[in-house]
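Below, each chain spelled out in residue letters.
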Amino acid sequence: MRDRVKISLAAVALLVIAGSVLARFNGGGNDWPAVTLPELADAGSEGSSASFASTPRVVNFWGSWCVACREEHPVLRRLSAVEGISLVGINHLDNRDDALRWLDYFGDPYETSLFDAEGRIGAALGIGALPVTLVVDGDGVIRYRHLGVLDNGTADAVIVPLVEELNRKR
């Protein structure tokens, strides 16, 4: 009987911890970190958080090594075709050549792709697993976080309306 109680208490504790982490993660509210990274396709060009000024962005963290990223990729391609959506890719902890081949093969939905081989942005945001999709407003404040594979339902019901609202407020 004691073992069952211990197991039950451990399970409840894990659920509480997981719930609080997901609530914090999906809630948004943090500022986008001030970093400058090379562009994926052109190591000589850089992108920075300053490029997020005035325009809401959907930011997707992905890697060519990430199986779940492959699963969500068709959703991102469809999302990138929606008027008013600016989709930025952050290639996270990857090899540049592998990432470029991956985009060439599966299609490149990103308006801009930054290359974060060391995971600096991910570390600043506490991202430990991929994929992750964020909505960042024109002031650089993260308004929504989605951990895991983005599906069409979430893209249509949450991300598109939020970006539309943020665009109206500009």
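Residues numbered from 1 in each chain as written. Predicted model: local features only at pLDDT ≥ 70, side-chain atom pairs only at ≥ 80, totals over all residues. Heavy atoms only, no water.

Student: Help me understand the packing of helix α2 (residues 67-80) against helix α5 (residues 152-169) in this model?
Tutor: Packed helices, taken two at a time, are described by their axes: the angle between them and the distance between them. For the pair α2 and α5, interaxial distance at closest approach is 10 Å and the crossing angle is 40 degrees. One finds that α2 runs oblique with respect to α5. The interaxial crossing formed by α2 with α5 has right-handed handedness. Judged by residue contacts, V75, R78 and L79 of α2 engage N152, A155, D156, I159 and V160 from α5. Tallied by class, residues from the contact of α2 with α5 come to five nonpolar, one polar and two charged. (Axes fitted to C-alpha atoms, helices over the stretch in contact; angles between N-to-C directions. Helix = DSSP H or I, 4+ residues; strand = E, 2+ residues; numbered from the N terminus. Parallel < 35°, antiparallel > 145°, perpendicular 65-115°, else oblique. Left-handed = near helix turned anticlockwise from the far one by under 90°. Contact = heavy atoms within 4.5 Å. Nonpolar A, V, L, I, M, F, W, Y, C, P; charged D, E, K, R; others polar.)

Student: Please clarify how the packing of aromatic side chains should be interpreted in this entry.
Tutor: Each aromatic ring pair is specified by the distance between its two centres and by the angle formed by the two planes. Scanning the entire structure with this criterion turns up five aromatic pairs. With a centroid separation of 6.2 Å and 45 degrees between ring planes, the pair formed by W32 and F61 is classed as tilted. Note that W32 is positioned in the loop between α1 (2-27) and β1 (36-38) and F61 in strand β3 (residues 57-62), a separation of 29 residues in sequence. In this pair, the class of W32 matches that of F61, namely buried. A ring pair is formed by W62 and W102, whose centres lie 4.8 Å apart and whose planes are at 25 degrees; its orientation type is stacked. Here W62 is found in strand β3, whereas its partner W102 is found in helix α3 (residues 96-106), with 40 residues between them in sequence. Residues W62 and W102 agree in their burial class; the two are buried. A connected cluster of aromatic rings, assembled from ring pairs, spans W62, W102, Y105, F106 and Y110. (Phe/Tyr/Trp six-rings, centres within 6.5 Å; stacked < 30°, edge-to-face > 60°. Buried < 20%, exposed > 50% of the residue type's maximum accessible area, 1.4 Å probe, protein only.)

Student: Can you walk me through α3 in this structure?
Tutor: Those residues of α3 not exposed but buried are A99, W102 and L103. Viewed end-on, α3 has its buried residues packed into an arc of 95 degrees, placing them on one side of the element. Turned more than 90 degrees off the buried face of α3, the exposed positions are R101, D104 and Y105. Of the surrounding elements, those touching the buried residues of α3 are β3, α2, β4 (87-92) and β5 (112-116). (Arc of directions from axis to C-beta.)

Student: Hey, could you run me through the pattern of salt bridges in this one?
Tutor: Tallied over the entire structure, the rule returns five salt bridges. Across the pair R78 and D156 runs a salt bridge, and its minimum N-O distance is 2.9 Å. Here D156 lies in helix α5 and R78 lies in helix α2, a separation of 78 residues in the sequence. Its salt-bridge partner being R101, residue D98 comes within 2.5 Å of it at the nearest N-O pair. (Salt bridge = Lys/Arg side-chain N within 4 Å of Asp/Glu carboxyl O.)

Student: Which parts of the structure should I look at to understand the sheet that holds β5?
Tutor: What links the strands of a sheet is backbone hydrogen bonding, and the strands pair in either a parallel or an antiparallel sense. In space, the five strands of this open sheet follow the order β5-β4-β3-β6-β7, with mixed pairing throughout. Every other strand in the sheet has two partners, leaving β5 and β7 (142-147) as the edge strands with one partner each. Averaged over all neighbouring strand pairs, the angle between strand axes comes to 20 degrees, with direction disregarded. Across five bridges, β3 lies against strand β6 (residues 132-136) in antiparallel orientation. Paired with F61 across the two strands is V132, which belongs to β6. Contacts between α3 and the sheet are confined to β3, β4 and β5, with β3 contributing the most and set at about 120 degrees to the helix. On the sheet, α5 packs against β3, β6 and β7 and is oriented at approximately 165 degrees with respect to β7. (Pairing = 2+ DSSP bridges.)

So yeah, pure geometry; function would need other evidence.
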